[in-house]
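Structural overview for review
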Amino acid sequence: MDTVITPQRIQLPPGAVLKLLGNWQDYQVLSQQLGDRSSPRIKYRTGEILLMAPLPEHGRDVSLLADIAKVLLDHLEQRYDSFTPITMSLPEISGIEPDYCFYIENWRAVVGKKRIDWQSDPPPDLAIEIDVISYTDINDYLPYRVPEVWILKSNRLLIYRLLLETYVLTESNYFSNVREIVQQCLQIANEQTTSEAIKWLRNFLRGQQ
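All residue numbers refer to position in the chain's written sequence, counted from 1. At least 70 in pLDDT is required for a residue's local features to be given in this predicted model, at least 80 for side-chain atom pairs to be given and counted, and no such filter applies to totals for whole chains, interfaces and linings, which use all residues. The basis for every side-chain value is the complete set of non-hydrogen atoms in the structure, without hydrogens or water.

**Some remarks on helix 1 (residues 24-34)**
- Burial classes follow relative accessibility: with a 1.4 Å probe on protein chains only, a residue under 20% of its type's maximum area counts as buried, one over 50% as exposed, and anything between as partly exposed. The way it works is that DSSP assigns letters per residue, a run of H or I at least four long becomes a helix, a run of E at least two long becomes a strand, and they are numbered from the N terminus. Within the sequence span of helix 1, burial applies to W24, Y27, L30 and L34. Viewed end-on, helix 1 has its buried residues packed into an arc of 125°, placing them on one side of the element. Turned more than 90 degrees off the buried face of helix 1, the exposed positions are V29 and Q32.
- Tucked inside the fold, the buried residues of helix 1 contact strand 2 (10-11), strand 3 (17-21), strand 4 (41-45), strand 5 (48-52), strand 7 (88-90) and strand 8 (94-96).
- Definition of a polar contact: a pair of N or O atoms within 3.5 Å, with one able to donate and the other able to accept a hydrogen when the atoms are protein atoms, and with sequence-neighbouring residues admitted only if both atoms are side-chain atoms. Where helix 1 begins, the side chain of N23 points an oxygen toward the backbone nitrogen of Q25, at a separation of 3.1 Å.
- In the segment just after helix 1, G35 is the residue with positive phi, at about 65°. Starting at the helix axis, one direction is taken to each C-beta atom, and the arc is that of these directions. Contacts: residue pairs with any heavy atoms within 4.5 Å of one another.

Here it is, written out as structure tokens:
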């Protein structure tokens, strides 16, 4: 598959990342052209636009991490709301598309909302991204002040938490031992299926009670 960027068509081969020079208006035009399609993904940083076509493993790992978070939240009897796909944008500053977002402490702020105002509503408490082809940069989340971001890179879960004006690698604020849990679930999913990984997690949590 060739790379094609025209006013009528945007096409990237799986795994490709394309960086274009452009302003906020250019980003808006491309975003409208893409509409609700899941591929390619689009991101805006000041002065540049990035397009990325996910590989098949991207979608599987997104689904697995989101399911892990949901099982853990249910186990903790924690209310939450989750969103995917979702576009976060601040005019003239940033536009990003996390793979999955969770409102945990701030779930009341988004109940029933069809649109979120990123300038006035609180950010998600947890954002998840799968980085298979070095498309993700933790600093993309700084303008939104997302408290916790998970990035799965090279089968390793990186947990970032916002400390003042920077992100630091640390442990999750919501789940203890989540890195070890994710590692085990990834191994099971790779050897069997994602459903078997989630089944193992539920059985593991029952054993902790």
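Picking up where we left off.
**With respect to the pairing of strand 13 (residues 166-169)**
- A pair of strands is labelled paired if DSSP reports no fewer than 2 bridges between them. Of the pairings in the sheet, the one linking strand 12 (residues 156-163) to strand 13 comprises four bridges and is antiparallel in character. Within the sheet, the bridge partner assigned to Y160 lies in strand 13 and is L169.
- The hairpin formed by strand 12 and strand 13 contains two residues between the paired strands, and L164 there has a positive phi angle of roughly 60°.

**Details of the sheet that holds strand 11 (residues 148-153)**
- Read from one edge to the other, the open sheet built from six strands follows the order 6-9-10-11-12-13, with strand pairing classed as mixed. Looking at strand neighbours, the two that pair on one side only are strand 6 (81-83) and strand 13, the edges of this open sheet. Averaged over all neighbouring strand pairs, the angle between strand axes comes to 25°, with direction disregarded.
- Docked against the sheet, helix 3 (residues 178-191) engages strand 11 and strand 12, running at close to 150° with respect to strand 12. Axes here mean lines fitted to C-alpha atoms, for a helix over just the part in contact, with angles spanning 0 to 180 degrees between N-to-C directions.

**Section: helix 3**
- Working rule for helices: expected span equals 1.5 Å times residues minus one. Its 14 residues place the ends of helix 3 20 Å apart at the C-alpha level, agreeing with the 20 Å of an ideal helix rising 1.5 Å per residue.
- Every buried residue of helix 3 is listed here: V178, I181, V182, C185, L186, I188 and A189. Looking straight down helix 3, one finds its buried side chains confined to an arc of 165°; they lie on one side.

**Observations regarding the pattern of salt bridges**
- Counted as salt bridges are all cases of a side-chain nitrogen of Lys or Arg within 4 Å of a carboxyl oxygen of Asp or Glu. Under the definition given, this model contains twelve salt bridges.
- K19 is paired through a salt bridge with E48; the nearest N and O atoms lie 3.9 Å apart. Residue K19 is found in strand 3, and its partner E48 is found in strand 5; the two are separated by 29 residues along the sequence.
- For E48, the salt bridge identified is with R45, shortest N-O distance 3.5 Å.
- Its relative accessible area of 18% is what places E48 among the buried residues.
- Given a relative accessible area of 22%, R45 falls into the partly exposed group.

**Notes on the nonpolar core**
- By nonpolar core is meant a set of buried Ala, Val, Leu, Ile, Met, Phe, Trp, Tyr and Cys residues that side-chain atoms within 4.5 Å join together. With 32 residues, the main nonpolar core has I68, F102 and W150 as its most contacted residues.
- Going through the elements one at a time, helix 2 (56-75), strand 9 (100-103), strand 10 (126-131), strand 11, strand 12, helix 3 and helix 4 (194-208) are the ones with two or more residues in this core.
- Residue contributions to this core peak at nine residues, all from helix 2.
- Those residues in contact with F102, other than ones at most four positions away along the chain, are A66, A69, K70, L73, Y80, D81, S82, P124, D125, L126 and I128.
- One finds L90, I96, V149 and Y167 within the second-largest nonpolar core, a separate group that totals 21 residues.

**Overview of unusual backbone geometry**
- Unlike most non-glycine residues, L164 shows phi in positive territory, near 60°.
- Relative to the assigned elements, L164 resides in the loop between strand 12 and strand 13.
- Using a relative accessible area of 67% as the deciding quantity, one classes L164 as exposed.
- Positive phi, normally seen in glycine, also occurs at N177, with a value near 60°.
- Considering the arrangement of structural elements, one finds N177 in the loop between strand 13 and helix 3.

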